[in-house]
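# Working through the structure, step by step
Each chain, letter by letter, is given below.
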Amino acid sequence: MFIAILKVLSFLLIICLFIYSKLQNYEAHLAPNFKNSFGRIKGIMKPILGFLGRFIKPYKLGASISIDAAQLVLLVLLLIILAL
């Protein structure tokens, strides 16, 4: 039972992570009804990624391009949980 709940939460967090990563840069341009929903997702993802960001630094790809490695690590962890 606990594993099933953990898998559902992992699935929902993966969806939230995807939405957060895609809309993070465009938050100011969202319509009010979507801005409210995005605010909830941001409220969930920001503390998690902030915690992971203390240990995992962004990976630099070029002169002014980097990948947030915390998001990648979180995705891998959630996928491992789903594979249980």
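Residues numbered from 1 in each chain as written. Predicted model: local features only at pLDDT ≥ 70, side-chain atom pairs only at ≥ 80, totals over all residues. Heavy atoms only, no water.

This part takes up helix α3 (residues 69-83). For α3, which comprises 15 residues, the first-to-last C-alpha distance of 21 Å matches the rise-based estimate of 21 Å (1.5 Å per residue) to within 8%. A69, A70, Q71, L74 and L78 are the residues of α3 that are buried. Residues of α3 that are buried sit in contact with α1 (2-23), α2 (32-55), β1 (59-60) and β2 (66-67). (Helix = DSSP H or I, 4+ residues; strand = E, 2+ residues; numbered from the N terminus. Expected span 1.5 Å × (residues − 1). Buried < 20%, exposed > 50% of the residue type's maximum accessible area, 1.4 Å probe, protein only. Contact = heavy atoms within 4.5 Å.)

Tracing the backbone shows F18 in helix α1. Separated by 25 residues in the primary sequence, F18 and G43 place their C-alpha atoms 14 Å from one another.

Let's shift gears to α2. With 24 residues, α2 ought to run about 34 Å at 1.5 Å a step, and its terminal C-alpha atoms sit 34 Å apart, in line with that. If you look at α2, its biggest bend is around 25°, right at K42. Among the residues of α2, those classed as buried are F38, I41, M45, L49 and L52. (Bend = angle between axes of the 7 residues up to and from the residue.)

The next subject is the nonpolar core. Residues L17, Y20, I41, M45, L49 and L74 are the most contacted members of the largest nonpolar core, which totals 13 residues. Taken together, the elements giving at least two residues each to this core come down to α1, α2 and α3. Per-element tally for this core: the top contributor is α2, with five residues. Among residues more than four places away in sequence, those in contact with I41 are C16, I19 and Y20. (Core = buried A, V, L, I, M, F, W, Y, C linked by side-chain atoms within 4.5 Å.)

Taken N-terminus to C-terminus, the directions of α1 and α2 make an angle of 100°; their axes are 9 Å apart at the nearest point. Relative to α2, the element α1 is oriented roughly perpendicular. On α2, the residues touching L13, C16, L17, I19, Y20 and L23 of α1 are F38, I41, K42, I44, M45, K46, I48 and L49. Of the residues contributing to the contact of α1 with α2, the split by class is 12 nonpolar, no polar and two charged. (Axes fitted to C-alpha atoms, helices over the stretch in contact; angles between N-to-C directions. Parallel < 35°, antiparallel > 145°, perpendicular 65-115°, else oblique. Nonpolar A, V, L, I, M, F, W, Y, C, P; charged D, E, K, R; others polar.)

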